[in-house]
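For reference, the chains in residue letters:
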Amino acid sequence: MASYKLPIKEIGEIPLVKEGETFASITERVARVTETKAPKAWWAAFGIALTATVVLFSAVGFLFWQGVGVWGNNSPVYWGWDITNFVWWIGIGHAGTLISAVLFLFRQKWRTSINRFAEAMTIFAVICALLYPGIHVGRAWVAYYMFPIPNQMSIWPNFKSPLIWDVFAVSTYFTVSLLFWYVGLIPDLATLRDRATTNLRRTIYGALSLGWRGSNRHWQNYERAYLILAAISTPLVLSVHSVVSFDFATSLIPGWHTTIFPPYFVAGAVFSGFAMVMTLMLVCRVVYGVRSIVTMQHLELMNKIMLVTGSLVGYAYAMELFIAWYSGNQYELGTFINRTTGPYAWAYWTMITCNVVSPQLFWSKKLRTNIPLMFVISIVINIGMWFERFVIIATSLNRDFIPGSWGYFRPTIIDICTYGGTLGLFMTLFLLFIRWVPMIAIAEVKGVLPEADPHHAGEGGDDHGHEGAHDSAADAALAPAE
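Residues numbered from 1 in each chain as written. Predicted model: local features only at pLDDT ≥ 70, side-chain atom pairs only at ≥ 80, totals over all residues. Heavy atoms only, no water.

**Student:** Explain the side chain of Ser358 to me, please; I cannot follow it from the model alone.
**Tutor:** Here Ser358 lies in the loop between α12 (345–357) and α13 (365–368). Using a relative accessible area of 11% as the deciding quantity, one classes Ser358 as buried. Apart from the residues lying within four places of it in its own chain, the contact partners of Ser358 are Thr353, Ile377, Val380 and Ile381. (Helix = DSSP H or I, 4+ residues; strand = E, 2+ residues; numbered from the N terminus. Buried < 20%, exposed > 50% of the residue type's maximum accessible area, 1.4 Å probe, protein only. Contact = heavy atoms within 4.5 Å.)

**Student:** Where do I start with the pattern of salt bridges in this structure?
**Tutor:** Scanning all chains against the criterion turns up nine salt bridges. Note that Glu300 and Arg368 form a salt bridge whose closest N and O atoms lie 2.9 Å from each other. Here Glu300 is found in helix α10 (residues 296–327), whereas its partner Arg368 is found in helix α13, with 68 residues between them in sequence. When its relative accessible area of 11% is taken as the criterion, Glu300 is described as buried. We classify Arg368 as buried; its relative accessible area is 10%. The partner of Glu388 in a salt bridge is Arg389, and the shortest N-O contact between them spans 3.6 Å. (Salt bridge = Lys/Arg side-chain N within 4 Å of Asp/Glu carboxyl O.)

**Student:** Is there a simple way to explain the confidence of the model for the chain in this structure?
**Tutor:** Detail in the predicted coordinates should be disregarded across regions flagged by low pLDDT. Scored by pLDDT, the chain has a mean of 84; 91% of the residues are at 70 or more. For residues 459–482, every residue scores under 50 in pLDDT, and the model assigns this stretch 53 contacts once sequence neighbours within four places are set aside. (pLDDT = per-residue confidence, 0-100.)

**Student:** Sorry if this is basic, but what is going on with helix α14 (residues 371–397) here?
**Tutor:** What sets the pattern is the α-helix's 3.6 residues per turn: residues three or four places apart point alike. If you check α14, its first and last C-alpha atoms are 40 Å apart, about what 27 residues at 1.5 Å a residue would give, namely 39 Å. Taking the largest bend as the criterion, α14 deviates by roughly 25°, centred on Val391. Of all 27 residues in α14, 19 are buried, a share of seventy percent or more. At the N-terminal boundary of α14, the capping side chain belongs to Asn370, with an oxygen 3.0 Å from the backbone nitrogen of Leu373. (Expected span 1.5 Å × (residues − 1). Bend = angle between axes of the 7 residues up to and from the residue. Polar contact = N/O pair within 3.5 Å; in protein donor to acceptor, adjacent residues only side chain to side chain.)

**Student:** What's the story with the packing of aromatic side chains in this structure? I'm lost.
**Tutor:** Centre distance and the angle of the planes are the two values used to describe a pair of aromatic rings. Applying the stated criterion across every chain, the model contains 40 aromatic pairs. Taking the centre distance of 4.9 Å and the plane angle of 70° together, the rings of Trp88 and Trp89 count as edge-to-face. The exposure class assigned to Trp88 is buried, which follows from its relative accessible area of 3%. Judged by centre distance (6.1 Å) and plane angle (55°), the ring pair of Trp181 and Phe433 falls under tilted. Linking Trp181 in helix α6 (residues 162–195) with Phe433 in helix α15 (residues 413–436), this pair joins segments that are 252 residues apart in sequence. Phe433 carries the same exposure label as Trp181, and that label is buried. (Phe/Tyr/Trp six-rings, centres within 6.5 Å; stacked < 30°, edge-to-face > 60°.)

**Student:** Looking at this structure, how should I read unusual backbone geometry?
**Tutor:** A negative phi holds for most residues other than glycine; trans holds for most peptide bonds. Here the residue pair Ser75 and Pro76 is connected by a cis peptide bond, since its omega of 15° sits within 30 degrees of zero. The topology assignment puts Pro76 in the loop between α2 (40–66) and α3 (81–92). If you check the backbone angles, Arg107 has positive phi at about 55° while not being a glycine. Relative to the assigned elements, Arg107 resides in the loop between α4 (94–105) and α5 (115–135). Judged by relative accessible area, which is 49%, Arg107 ranks as partly exposed.

**Student:** Would you take a moment to explain the environment of Ile92 for this structure?
**Tutor:** Take Ile92: it is sitting in helix α3. Overall, the relative accessible area of 0% leaves Ile92 in the buried class. If we ignore the near neighbours within four places in the chain, the residues touching Ile92 are Met121, Ala125, Ser272, Gly273, Met276 and Asn382.

**Student:** I would appreciate a short explanation of helix α11 (residues 330–341) in the present structure.
**Tutor:** Taking 1.5 Å per residue as the helical rise, α11 with its 12 residues ought to reach 16 Å, and the 16 Å between its terminal C-alpha atoms agrees with that figure. Looking at α11, one finds that the buried residues are Glu332, Thr335, Phe336, Asn338, Arg339 and Thr340. Of the residues that open α11, the one with a side-chain oxygen 2.9 Å from the backbone nitrogen of Tyr331 is Asn329.

**Student:** Would you mind going over the packing of helix α1 (residues 23–35) against α6 with me for this structure?
**Tutor:** α6 packs onto α1 with a crossing angle of 70° between their chain directions and a minimal axis gap of 11 Å. Here α6 runs roughly perpendicular to α1, going by the angle between their axes. Across the interface between the two elements, Thr27, Glu28, Ala31, Thr34 and Glu35 of α1 pack against Thr191, Leu192 and Arg195 of α6. Across the contact of α1 with α6, the residue classes tally to two nonpolar, three polar and three charged. (Axes fitted to C-alpha atoms, helices over the stretch in contact; angles between N-to-C directions. Parallel < 35°, antiparallel > 145°, perpendicular 65-115°, else oblique. Nonpolar A, V, L, I, M, F, W, Y, C, P; charged D, E, K, R; others polar.)

**Student:** What am I meant to see in the packing of helix α9 (residues 261–287) against α10 here?
**Tutor:** In helix packing, the relevant descriptors are the interaxial angle and the interaxial distance, both defined with respect to the helix axes. Two elements in contact, α9 and α10, have axes whose closest approach is 9 Å; the angle formed by their N-to-C orientations is 150°. Judged on the interaxial angle alone, α10 and α9 are roughly antiparallel. Two packed elements cross with a definite hand, and for α9 against α10 that hand is left-handed. Along the lines of polarity and charge, the residues of the contact of α9 with α10 split into 20 nonpolar, four polar and two charged. (Left-handed = near helix turned anticlockwise from the far one by under 90°.)

**Student:** What am I meant to see in the environment of Arg399 here?
**Tutor:** One can find Arg399 in the loop between α14 and α15. Put simply, Arg399 and Ser75 are 324 residues apart on the chain and 9.7 Å apart in space, counted from C-alpha to C-alpha. Here Arg399 is in contact with Asn338, Pro343 and Trp406, once residues within four sequence places are set aside. One polar contact links Arg399 to Asn338, side chain to side chain, over a distance of 3.4 Å.

**Student:** What should I look at first to understand the nonpolar core in this one?
**Tutor:** Among soluble globular proteins, nonpolar side chains are generally buried collectively. Among the nonpolar cores identified, the biggest contains 122 residues, and Trp89, Phe248, Phe426, Phe433, Ile434, Met439 and Ile440 are the most heavily contacted of them. For this core, the element with the highest residue contribution is α9, accounting for 15 residues. Contact partners of Phe426, with chain neighbours within four places excluded, come to Trp89, Met121, Phe124, Ala125, Cys128, Met276 and Leu280. (Core = buried A, V, L, I, M, F, W, Y, C linked by side-chain atoms within 4.5 Å.)

**Student:** Would you mind going over empty space enclosed by the protein with me for this structure?
**Tutor:** A probe matching the size of a water molecule, rolled over the atoms, marks out where space remains unfilled. Within this structure, the stated rule accounts for three cavities of 30 Å³ or more. Each pocket or cavity is described by its volume, and for the largest cavity that value is around 50 Å³. Contributing elements (two or more residues each) for the lining of the largest cavity: α4, α5 and α6. (1 Å grid on protein atoms, 1.4 Å probe; cavity = no way out; pocket = protein on both sides within 12 Å on 5 of 7 lines; lining within 4 Å. Points joined across faces, edges and corners; volume = space filled by probe spheres on them.)

**Student:** What's the story with a nonpolar patch on the surface in this structure? I'm lost.
**Tutor:** A surface patch of nonpolar side chains, amounting to about 640 Å² of accessible area, comprises Phe322, Ile323, Trp325, Tyr326, Leu333 and Ile337. Elements supplying a minimum of two residues to the nonpolar patch: α10 and α11. Among the elements that make up the nonpolar patch, the one with the highest residue count is α10 (four residues). When you line up the elements, Tyr326 lands in helix α10. Overall, Tyr326 belongs to the exposed group, its relative accessible area being 63%. (Patch = residues over 30% accessible without salt bridge, like charges linked within 9 Å, V, L, I, M, F, W, Y side chains within 5 Å. Areas by Shrake-Rupley, 256 points an atom, 1.4 Å probe, with all protein chains shown as cover.)

Printed below as a string of structure tokens:
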């Protein structure tokens, strides 16, 4: 292998894939998950998730029948769990674009083992998020008024409303993320097509792989399309959650009317998204035996990113308090005093503990590489990020300018069932994904193996000359599916 591609052992670098793995073993390890019978644990998890999904649609049906009064929203807390969950789900979907697009553009090879997880999670999280703009308006049957299409009443959206900005930003994000995910799947779907043992599987995977044959022209077009979609996706990492934050920042409500919200929301979204990827990946890593592909190095790097983004979120919390004090605005300061000492203080300090304190354990390498601990912290972080959205919404609304208008938000059973149901919908889609689609990008992982280097000694090459016209991943995947 070319010397410049070898890990630098003096500084502790290790290979991204454990030694002993070959093109054939990676193909077999990943593809067999979709080709063998699902384990009993998968069926148990799928049954629970599907039941929760049924609960979701039952709750939504009851909501349509009765109206939004079945939620805990009241005066002055007109926004409750609906917007809280919408923002939380959008945040969950941010890690996929960051891992896939941004790290791809920066040529970070360690993304190859986890990007497929993250991309799929993005798609499913955005589906769960898109449910809420449609149902929280009350009259869901006229939700098409949100889109600029002709209708019988000649009503057009108010393009000055940040809620409309949400519709366009999130739908654009979903479309680009779906295309990016699907384009990356094409070589692996062709591998499954070639390995298929039944006509049905061969037909389905053959149609989805769009006639892929691994030719040089196919790889050139594929890499060009993948690069373009990565370049388009990268600004969305910053723009989508910034637009979501405008729901609050463009208002005059104390606690919301602040310019720190866009970067603060983006950092929080990446933070929660990486935590969700970690939670799901740790489980699949054990259940499906892909420890040699998703190594401790991948997990440790993700923990470092969570440490950085968690520290950024903690900084944003501190700046919010400082700005409220420094502004001299008694209403702004009163809102933050209410957050820290008022009726929702328990939620505020839960948020601080989960989002600021728990990631600091990752300063220690011993704790950063402790799998049970990182699994617990990843769950704790997502609990904390949900509380962050709840604190922003509830504590800014529950005490109006007039004390006689103060109120306290309590979720109803319909609120709880709707939120729990979206978790079920997410897990149902994710379980179907790992059952029928390669959960790890086979072609991309092959690209980080020594054999992918055209000058690898085992392939009869030398360490001189120029690199090939396309990325080493292409060279790897051009090998026939073993």
